[in-house]
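# Structural features, examined
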Amino acid sequence: MNQKKIAFFDIDGTLWDENNFIPESTKEAIRKIQEKGNLAFINTGRCAGFLHNPQLEALGFDGVVSGCGTRIEFQGKVIYNRLLDSQKLADTITTIRGFGFRPILEGPEFIYMDDAEFGNDFYGKKLKSELTEELKTIEDNWGTWEVNKFSCAMNNADREGCYKALEEEYDFLVHSDVVAEVVPKGFHKGKGIEKVCDLLQIPIENTYAFGDSVNDLGMFETAGTSICMGNGCDQAKQKATYITKTMMEDGILEACKHFDLI
């Protein structure tokens with residue numbers, strides 16, 4: 001059995017802030033984890049199509065779990081990729097729009113978003129500023145998408161009605177009254193950790209999960225040790241083994257030292 005340790009890192013609010021700033025101490029921690037012979041993975045709700053960022057790539061992670069456990073890469077090779085059925089997804093989009101939800105589809109190559117729904121939205125503008133060829137429209141590519149999961153804006157929507165209508169097929173990771181991630185039933189970041197450990201023959205107890213939000217709860221419940229950033233939400237803090245300092249206060253480096261990862 002491989003006795004290496006693996007550290008899994010959420011991105012938003014953990015590795016970087018809302019302006020995509022990564023503290024130098026975080027870069028140092030990732031490098032030292034690997035220098036010690038351990039492994040460092042991204043474990044994110046983002047799908048691979050929204051990970052084409054030079055700053056993230058420069059960190060040199062050993063692998064990536066993306067789309068809340070629906071896709072896994074290790075040393076540059078895709079070893080798992082769970083796509084939603086396009087016809088079923090088409091029916092789902094029609095259903096959620098009927099309840100007032102606005103979807104953004106997320107896949108291994110592309111993100112799909114319609115200007116009619118997000119043209120004046122802050123997040124829509126952020127996607128447009130960060131993505132070029134990777135951003136497509138839902139309507140112009142109807143039924144031909146490749147998608148691992150999707151996210152929804154829920155302003156003035158019938159949330160409970162939609163949850164009930166789709167509860168047998170999807171899990172809703174609700175971030176707030178207006179934002180939710182929607183994943184295939186049973187998938188979350190923790191499933192990605194399990195698959196990575198199976199592949200590399202590393203015990204679950206040798207895993208360390210760093211996160212800050214509700215979509216990290218599955219990762220926290222699965223990993224041997226769960227570490228919530230000081231800037232994390234209350235739900236994440238309640239589930240964590242350890243609460244470190246905030247991201248901007250060198251929280252990742254502090255926790256890595258505390259747990260002898262570096």
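This text goes with the structure placed above it.
Definitions and limits used
- Residues numbered from 1 in each chain as written.
- Predicted model: local features only at pLDDT ≥ 70, side-chain atom pairs only at ≥ 80, totals over all residues.
- Heavy atoms only, no water.
- Helix = DSSP H or I, 4+ residues; strand = E, 2+ residues; numbered from the N terminus.
- Rg over C-alpha atoms; globule rule 2.2 N^0.38 Å.
- Buried < 20%, exposed > 50% of the residue type's maximum accessible area, 1.4 Å probe, protein only.
- Contact = heavy atoms within 4.5 Å.
- Lys, Arg positive; Asp, Glu negative; His and termini not counted.
- Charge placed at Lys NZ, Arg CZ, Asp CG, Glu CD.
- Pairing = 2+ DSSP bridges.
- Right-handed = clockwise from strand over helix to strand, strands pointing away.
- Axes fitted to C-alpha atoms, helices over the stretch in contact; angles between N-to-C directions.
- Salt bridge = Lys/Arg side-chain N within 4 Å of Asp/Glu carboxyl O.
- Core = buried A, V, L, I, M, F, W, Y, C linked by side-chain atoms within 4.5 Å.
- Polar contact = N/O pair within 3.5 Å; in protein donor to acceptor, adjacent residues only side chain to side chain.

### Overview of the overall build of the protein
Along its length, the protein carries 10 helices and 14 strands. A compact globule built from 262 residues would reach a C-alpha radius of gyration of about 18 Å, and the protein, at 18 Å, matches this within 12%. C-alpha atoms of the protein, sized along the principal axes, occupy 50 × 35 × 35 Å. The buried share of the protein, reckoned over its 262 residues, is 55%. Restricting to contacts in the protein with at least 6 residues of sequence separation, those with at least 24 account for 60%. One way to put it: in the protein the 28 positive side-chain charges average out to a point 3 Å from where the 43 negative ones average out.

### A few points about the environment of I42
Take I42: it is sitting in strand β2 (residues 39–43). As a C-alpha pair, I42 and I11 span 31 residues in sequence and 7.2 Å in three-dimensional space. With residues near it in sequence (within four places) discarded, I42 still touches F9, I11, L15, L56, F61, G63, V64 and V65.

### Looking at the pairing of strand β13 (residues 225–228)
Judged by which residues are buried, β13 turns out to be covered on both faces: T225 and I227 on one side and S226 and C228 on the other are all buried. As paired elements, strand β12 (residues 207–211) and β13 share four bridges and run parallel to each other. Across the sheet, F210 pairs through a bridge with I227, a residue of β13. Once the chain exits β12 it traverses helix α8 (residues 217–222) before rejoining the sheet at β13, and the crossover so formed is right-handed. Sheet topology places β13 next to strand β14 (residues 242–243); two bridges connect them, and they run parallel. Of the residues in β14, the one forming a bridge with C228 is I243. For the handedness criterion, the β-α-β arrangement of β13, helix α9 (residues 234–239) and β14 is classed as right-handed.

### Some words on the sheet that holds strand β11 (residues 179–184)
Spatially, six strands are ordered β8-β7-β6-β9-β11-β10 in an open sheet, and the strand pairing comes out mixed. One side of each edge strand has no neighbouring strand; the edge strands of this open sheet are β8 (135–136) and β10 (170–174). Strand direction decides the pairing type here: strand β6 (residues 102–106) and strand β9 (residues 149–153), joined by five bridges, are antiparallel. Bridge assignment links P103 to a residue of β9, and that residue is C152. Helix α3 (residues 86–98) contacts β6, β9 and β10 of the sheet and is inclined by roughly 155° relative to β6.

### Here we look at the pattern of salt bridges
By the definition in use, this model includes 20 salt bridges. As a salt-bridge pair, D12 and R46 come within 2.9 Å of each other at their nearest N and O atoms. Of the two residues, D12 sits in the loop between β1 (6–9) and α1 (24–35) while R46 sits in the loop between β2 and α2 (54–58), which places them 34 residues apart along the sequence. Residue class for D12 comes out partly exposed when judged on its relative accessible area of 34%. The buried category is assigned to R46, whose relative accessible area is 8%. For the salt bridge of R159 with D177, the shortest nitrogen-to-oxygen distance reads 3.9 Å. With a gap of 18 residues between them, R159 in helix α6 (residues 159–166) and D177 in the loop between β10 and β11 connect regions that are remote in the sequence. With relative accessibility at 28%, the residue R159 sits in the partly exposed group. It is possible to trace a salt-bridge network through shared partners that takes in R97, D114, E117 and E139.

### Side note on the sheet that holds strand β5 (residues 77–81)
Spatially, β5-β4-β3-β2-β1-β12-β13-β14 is the arrangement adopted by the eight strands of the open sheet, whose pairing is mixed. One side of each edge strand has no neighbouring strand; the edge strands of this open sheet are β5 and β14. Bridge count for strand β3 (residues 63–66) against strand β4 (residues 71–74) is four bridges, and the pairing is antiparallel. Bridging across to β4, S66 finds its partner in R71.

### Concerning the nonpolar core
Residues F9, L15, L56, F61, F210 and I252 are the most contacted members of the largest nonpolar core, which totals 28 residues. Elements with a contribution of two residues or more to this core: β1, α1, β2, β12 and α10 (251–258). The element contributing the most residues to this core is α10, with four residues.

### With respect to the environment of W145
Note on placement: W145 falls in the loop between β8 and β9. The class of W145 is buried, set by a relative accessible area of 3%. W145 sits 34 residues away from I111 along the chain, and the two C-alpha atoms are 9.2 Å apart. A polar atom in the side chain of W145 sits 3.2 Å from the backbone oxygen of N141.

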